[in-house]
Amino acid sequence: MSDLFHFGSAAKALDADDRYGSDGEMKKTQYVMQLLGFPGHPDTLKVMLTAAEKGIEVESAVVDMSAKQQDTEDYRKISPLGIMPALKEADYIVTGENGTSVFVEGRGLGRFLAPRNAEVLADQNYWMDVGRTEVQPHVETLMQELVIGPMGDASYAADNAAVDAARAGLATPLDALDAKIASEYIVGEFSYVDIHFTAYLHLLSVIGGEEMLNSRPNVKGWFEKIKTHKSYSGQDIVAYDFMPSLEDIKSKTIADIECGEF
Amino acid sequence: MFGLFKKKNKAETGMKLRGFPGDLSTVKCLIMAGEKQVKLEIELLDTQAGEQDQAEYRALSPFGKHPYLQEGDAVAIGAEAGLAYLDTRGKGFMNPKKAQHFGHQNYWWQVSEIVAASVESLVKAAAFGSDVAADAEAIIETNLNAFDSALTGKKFIVGDYSHADVHWTAVAHFLVLAGKQDMIDSRPNTKAWYDKVKQRPSYASLPSLEDIKQKQLKAA
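Residues numbered from 1 in each chain as written. Chains lettered and ligands numbered in written order. Predicted model: local features only at pLDDT ≥ 70, side-chain atom pairs only at ≥ 80, totals over all residues.

### Description of the overall build of chain A
Along the backbone of chain A there are 9 helices and 4 strands. Along the chain direction, N to C, the helices and strands of chain A fall in the order β-α-β-α-β-β-α-α-α-α-α-α-α. Here the C-alpha radius of gyration of chain A, 19 Å, is about what a compact globule of 262 residues would show, namely 18 Å. Counting only C-alpha atoms and orienting by the principal axes, one finds that chain A spans roughly 55 × 50 × 30 Å. Per-residue burial for chain A yields a buried fraction of 45% across its 262 residues. Taking contacts inside chain A between residues at least 6 apart in sequence as the whole, the part at least 24 apart equals 69%. (Helix = DSSP H or I, 4+ residues; strand = E, 2+ residues; numbered from the N terminus. Rg over C-alpha atoms; globule rule 2.2 N^0.38 Å. Buried ≥ 20, exposed ≤ 12 C-beta atoms within 10 Å, placed from the backbone. Contact = placed C-beta atoms within 7 Å.)

Take a look at the structure:
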């Protein structure tokens, strides 16, 4: 059995020269979080976006969903129920998007992503709930049938009926989202729900679903804004820049979150 | 469930909840209302009869999500929104202050969602004789094993009583109503935890199986 978190700076010896600065002080890389995820997995992207928004540096490695690595003994040792992604900081491990996002937020910089007004908070959570139940399953079906399935098996035949049903199923929630966006962000101020829908719509866009976004003017305008939205961490980065391309997904490449010099 | 926010200063009256006693999300909100001592005006949404899919309700909740919580002009639809809204009332917040506990709280919330449909189906089978998915009990057993292991040496799931306990109290209550208390009793950590949470005042007025059969929903 191998330790899937044994990569990046964690794989270096504690006394390795490049773990310390010129004066022997510990470098910030010793505190970098480690992420195990998959570039075509919405929940992995949510955590990456949250980290970038909060100025948290993350070293990433792939758990290959096309080979069902999330069901292997090595991954189950980290996440007994196979929930992805997994995040580690020192000896603390948390898995799943719900847990990892709030942990990153708690460690991060800048404003809180959760609205501080109770009514807006409820609105945010309602739309995250809608995203999880009405959008994410369809996005995951499209990813599986069109990208992940063929990655694991060259002879994989997409279930066209499932693909058509997923595309059709997205119409109602995307229409609702289009009607919902009346100001700069989904619930007014930038919040977790913008991160969730960024992950969904990004994956849709890389697998040829741009028309579903472009045909809805408010969704299109919001998504354009998101693509250039500067991180709230104060660092000169745009979270969306860390999102994988279709080629990245197919080549199982996942970005580290690098925030520049503090 | 997410974050810190300003406390609401409205009087603790006039909050309405529309839900169903055999609905796990409704029961979670009843537990939270009990914990935060929020008085609720209750209205039945008969999800067993499909009222959540009827035009009148869909006009309020376009995706049929429930329960529906309303206070003046403010609404919170579904458990995720309802629990966060209710948590802004009363003393303190239930989200842990420590980031590590917050992360694990939300992890266990996510796991509770994995068993939700299975647990609900067992209760509906007990109350209304409806079918249960063949793998329902296996799903619950697998996740309860992980839950029991995580409770080792702990009073509550993460640190103090938190949202995670609210989610799993609802799950445990439904298992008891469904005649599956052995699933709890056979796991010593889960049993000890359940014996603690069921002593809390918020547990006292949760729906009985008879309430579910009679479609009676009572406020805490």
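### Thoughts on the nonpolar core
Counting 124 residues, the largest nonpolar core has B:Cys29, B:Val119 and B:Phe174 as the members making the most contacts within it. It is helix H4 (residues 118-152) of chain A that contributes the most residues to this core, 12 residues altogether. Setting aside anything within four residues of it in sequence, one finds B:Phe174 in contact with B:Leu24, B:Val119, B:Glu120, B:Leu122 and B:Val123. (Core = buried A, V, L, I, M, F, W, Y, C linked by C-beta atoms within 7 Å.)

### Some words on the interface of chain B and chain A
At the junction of the two partners, chain B supplies 31 residues and chain A supplies 32 residues. Elements that contribute at least two residues to the side of chain B that touches chain A include exactly strand S4 (74-77), helix H3 (79-87), helix H4 (99-128) and helix H5 (136-150) of chain B. Per-class residue counts for the side of chain B that touches chain A are 18 nonpolar, 9 polar and 4 charged. (Nonpolar A, V, L, I, M, F, W, Y, C, P; charged D, E, K, R; others polar.)

### Re unusual backbone geometry
A:Met84 connects to A:Pro85 through a cis peptide bond whose omega is -5°. Topologically, A:Pro85 is positioned in the loop between helix H2 (73-78) and strand S3 (86-89). A cis geometry characterises the amide bond from B:His66 onward to B:Pro67, with omega recorded as 5°. Take B:Pro67: it is sitting in the loop between helix H2 (55-58) and strand S3 (68-71). Even without a glycine there, the phi angle at B:Gln37 is positive, about 50°. Its location among the elements puts B:Gln37 in the loop between helix H1 (24-35) and strand S2 (40-44). Positioned with a positive phi, B:Lys215 is a non-glycine residue whose angle comes to about 55°. One can find B:Lys215 in the segment after helix H10 (209-214).

### Remarks on the sheet that holds strand S1 (residues 15-19) of chain B
Sheets are built from strands that pair by backbone hydrogen bonding, the pairs being arranged parallel or antiparallel. Residue and element names in this part refer to chain B. An order of S2-S1-S3-S4 is seen for the 4 strands of this open sheet, with the pairing classed as mixed. Edge positions in the open sheet fall to S2 and S4, since each of these has one partner strand only. Pairs of neighbouring strands in the sheet enclose a mean axial angle of 20°, with direction left out of account. Two elements, S3 and S4, share 4 bridges in a ladder whose sense is antiparallel. Bridge pairing links Gln70 to Val75 in S4. Running over the sheet, H3 touches S3 and S4 and is turned about 130° from S4. (Pairing = 2+ DSSP bridges. Axes fitted to C-alpha atoms, helices over the stretch in contact; angles between N-to-C directions.)

### So, the sheet that holds strand S2 (residues 58-62) of chain A
Residues and elements named next belong to chain A. Here 4 strands make up an open sheet; going across it, the order is S2-S1-S3-S4 and the pairing mixed. If you trace the sheet from one side to the other, it starts and ends with S2 and strand S4 (92-95), each paired once. Looking at each pair of strands side by side, their axes are set apart by 20° on average, direction ignored. Direction of pairing for strand S1 (residues 33-37) relative to S3: antiparallel, over a ladder of 3 bridges. By the bridge assignment for S3, Leu36 is matched with Ala86. Running at roughly 155° to S1, helix H1 (residues 42-54) makes contact with S1, S2 and S3 of the sheet. Here helix H3 (residues 97-107) sits on the sheet and contacts S3 and S4; the angle it forms with S4, its principal contact strand, is near 135°.

### What to know about helix H8 (residues 188-197) of chain B
Residues and elements named next belong to chain B. Within H8, the full set of buried residues consists of Thr190, Trp193 and Tyr194. Considered in projection along H8, the buried side chains sweep an arc of 100° and stay on one side of the axis. Away from the buried face of H8 by more than 90 degrees, exposed residues Pro188 and Asp195 are located. (Arc of directions from axis to C-beta.)

### Remarks on the pairing of S2(B)
Residue and element names in this part refer to chain B. Both S1 and S2 contribute to a ladder of 5 bridges, which runs parallel. The partner of Arg18 across the bridge, within S2, is Glu43. Note on the crossover from S1 through H1 to S2: the handedness is right-handed. (Right-handed = clockwise from strand over helix to strand, strands pointing away.)

### Notes on the environment of A:Ala52
Residue and element names in this part refer to chain A. When you line up the elements, Ala52 lands in helix H1. Using a count of 29 C-beta atoms within 10 Å as the deciding quantity, one classes Ala52 as buried. Sequence-wise, Ala52 and Asp256 are 204 residues apart; in three dimensions their C-alpha atoms are separated by 9.9 Å. When sequence neighbours within four positions are dropped, the list of residues in contact with Ala52 reads Ser231, Ile237, Ala239, Phe242 and Ile257.

### Describing the domain arrangement of chain B
All names here are of chain B. On domain assignment, one finds that chain B holds domain 1 (15-93 + 205-214) and domain 2 (99-204). One C-alpha centre belongs to domain 1, the other to domain 2; they are set 19 Å apart. The interface of domain 1 with domain 2 comprises 15 residues on the first partner and 20 residues on the second. At the level of elements, H1 and H10 are the ones that each hand at least two residues to the side of domain 1 that touches domain 2. For the side of domain 1 that touches domain 2, the element with the most residues is H1, which contributes 7 residues. In the side of domain 1 that touches domain 2, the residues fall into 8 nonpolar, 4 polar and 3 charged. (Domains from an automatic or database assignment.)

### Quick look at the packing of H4(B) against H5(B)
A pair of packed helices can be characterised by two numbers: the angle between their axes and the separation between those axes. All names here are of chain B. Contact geometry for H4 and H5: axes closest at 9 Å, N-to-C directions at 140°. Between H4 and H5, the angle is such that the two are oblique. Once H4 is placed against H5, the crossing between them reads as left-handed. Taken together, the residues of H5 that come into contact with H4 (itself represented by Val111, Ile114, Val115, Ser118, Val119, Ser121 and Leu122) are Ala136, Ile139, Ile140, Asn143 and Ala146. Of the residues in the contact of H4 with H5, the class split is 9 nonpolar, 3 polar and no charged. (Parallel < 35°, antiparallel > 145°, perpendicular 65-115°, else oblique. Left-handed = near helix turned anticlockwise from the far one by under 90°.)

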